[in-house]
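Each chain, written out:
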Amino acid sequence: MKRKLTLLVILCFSICRQLAAQDPLLVNVYNRDTKTLNGKWHYIVDPYENGYYDYRQEPFDKQQNPSNNAYFRNYKPKDKTELVEYDFDKSPTLLVPGDWNSQEEKLFYYEGTVWYKKSFDYEKAKPNNRVYLYFDAVNYQADVYLNGEKLGTHKGGFTPFNFDVTGKLKPRDNFVVVKVDNKRKREEVPTVNTDWWNYGGITREVRLVEVPASFVQDYFLQLDPNNTNELIGYVQVGGEQQAGQKVQVNIPALKVKQEVVTDARGYAPLEVKVRKVNLWSPENPYLYDVNLRVNDDVLEDQIGFRSIRTEGADILLNNKPVFLKGISIHEENPQRGGRAYSEEDARILLNWAKELGCNFVRLAHYPHNEHMARMADKMGLMVWEENPVYWTIQWQNEDTYKTAERQQAEVITRDKNRASVIIWSMANETPVTPERTAFIRNLIAKTRSMDPTRLISAALEKHNINATTSTVDDPLIEDVDVLSFNQYIGWYDRLPDALSKTSWEIKQNKPVIVSEFGAGALQGLHGDKMERWTEEYQEYLYEETLAMLQKIPQLRGITPWILVDFRSPRRPLPNVQDGWNRKGLISQTGDKKKAFYVLQDFYKNFKLKDK
Ligand code: GCB
């Protein structure tokens, strides 16, 4: 096993190097010296993409001398005779970070292109330093221009990307223009059909990151799951001189002071012997101060060390069996409305999970903002992170695969040093077909090659063998470390009284997580337990489901659906849903429903040895 892991780490290095060559995504920008570009950005709504295509539908940014009417030029008329049909500075503003839907009523249902512009001065760049323009996320496609020049395009609404803008900034009057397009398309990831709101915009933070000529671009430092006396990983130096750089890794509290020298491509493997590590766990979310140093660049991080692996049907955290008391969460802020993005938003959501008695959260159905995993590190919550491969996407389309794989790679790059993250989930409720299985197997291989220290899962579906027996019949079970599935007996499938009559036939000796169950309830609506939408129905369904699931011998975790009601265009029922999926244990105004207390009670009293 040890050899296998070393092999995987080596494989990981080669893939990370390839990745770095294409797209050097900086990690841990949170602890870097940055200039924020958050705040008000001027915007122009452009449903016809008039600022991007000329009247022959040729894109301006592919033309030698694009017209003044190409919005990314941010052109101003030279005199009163000149015809220019847009003006960012006279246009309204939106706040970044933030989705447009919840900031501007007329954009509530809008799906399409909105152009954003921000002007700024930049006097900071020291000679030889490098500067990157870093976006935490833009939904869905971002075409980014700096001072009229195209920097590039990024697709995928939930992962970070950056551009090297060294030498491109002036002391005064720079402008960034971003064409943001959130149109849903069949070939994208996610595809056209989801049960959540397609919030558009520059939904997360934007910043300029200034680093020395050679700098720590990426690093991976985690406990070897098979040897708690060793940290494994790598460091990647970016910038002008990458080869032959001396990198120091310091962990003062562990008395670690190690120097490695990078190879021709700026890469060096790390194998650090440690003794008496204060292991991270929900009971003891201990984080070590770690710093990495190359020449003038010093990058600090706070990293927890823990191991996570499976043995038969057990999930072992630091070699001890653990039961994952979880809850699923969407990335929405119940107080302000709209997409969540801040540290405060993360605190609200994760505090509720804590109050519920959770030690685990499922961040559904896409990578949440970086604050979530960082806050979970500090609060002692284990985390499931998920790729937005949801329902039925184009399994045979190579570009679709590439988009899914890149999003997976970006979230791993960002969060691979977070102790809280224990599971990478590949997908949610995908149909069992050979094409889909091949697609997800490729994603799994990619994920394992980038991160050999964490567990892999995917939320699968259940199948009914007959009226009283259910199972999960899916070839992917062979490939995952944790067998997870969603089931809605008592809501979409019969009524809650079917739950006590159901038994499960799961043959595989693997840990099982029931990644979804739930029922819709309007907070404050009361009635009898068989009446849909009442708190009593949801409460009854929780009681019956929890009793049923405990009969699955391999059950090692649950993440019921869901912590808070969330917006969904699939939920129009007047006076009940009004555009909200009502399966939350808490309403969108922060009020708890009866089922919250059923789950809280269950978690309070649950002991793994009872199983
Ligand atoms: C599911 C999906 C989730 C939905 C949920 C529901 O199975 O995974 O995205 O929101 O059911 O409420 O129907």
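Values in this document were obtained by computation on a predicted structure and should not be read as measured data.

The subject of this paragraph is the nonpolar core. Membership of the largest hydrophobic core comes to 90 residues, with the highest contact counts inside it found for Ile327, Phe485, Ile558 and Leu599. Looking at this core, the element that brings in the most residues is helix α2 (residues 343-356), giving 7 residues. Shared between two domains, this core holds at least three residues of each, these being domain 1 (30-211) and domain 3 (310-610). Counting 30 residues, the second-largest nonpolar core is a separate cluster that includes Tyr116, Phe120, Val138 and Val144.

This brings us to the domain arrangement of the chain. In terms of domains, the chain is made up of domain 1 (30-211), domain 2 (214-295) and domain 3 (310-610). Put simply, the middle of domain 1 and the middle of domain 2, counted by C-alpha atoms, are 35 Å apart. Taken together, the contact between domain 1 and domain 2 spans 5 residues of the former and 4 residues of the latter. At the surface where domain 1 touches domain 2, the tally comes to 1 salt bridge. As a salt-bridge pair, Glu240 and Arg130 come within 2.7 Å of each other at their nearest N and O atoms. Along the contact surface separating domain 1 from domain 2 lie 2 residue pairs in polar contact (both at pLDDT 80 or more). Here the residues of the side of domain 1 that touches domain 2 are counted per class, giving 2 nonpolar, 1 polar and 2 charged.

Attention now goes to helix α4 (residues 398-415). One full turn of an α-helix is made of 3.6 residues, so residues set three or four places apart face in the same direction. In this model α4 runs 26 Å from its N-terminal to its C-terminal C-alpha over 18 residues, within 8% of the 26 Å that 1.5 Å per residue would give. Among the 18 residues in α4, 13 count as buried, and that is most of the element.

Criteria and cut-off values
Residues numbered from 1 in each chain as written. Predicted model: local features only at pLDDT ≥ 70, side-chain atom pairs only at ≥ 80, totals over all residues. Heavy atoms only, no water. Core = buried A, V, L, I, M, F, W, Y, C linked by side-chain atoms within 4.5 Å. Buried < 20%, exposed > 50% of the residue type's maximum accessible area, 1.4 Å probe, protein only. Helix = DSSP H or I, 4+ residues; strand = E, 2+ residues; numbered from the N terminus. Domains from an automatic or database assignment. Contact = heavy atoms within 4.5 Å. Salt bridge = Lys/Arg side-chain N within 4 Å of Asp/Glu carboxyl O. Polar contact = N/O pair within 3.5 Å; in protein donor to acceptor, adjacent residues only side chain to side chain. Nonpolar A, V, L, I, M, F, W, Y, C, P; charged D, E, K, R; others polar. Expected span 1.5 Å × (residues − 1).

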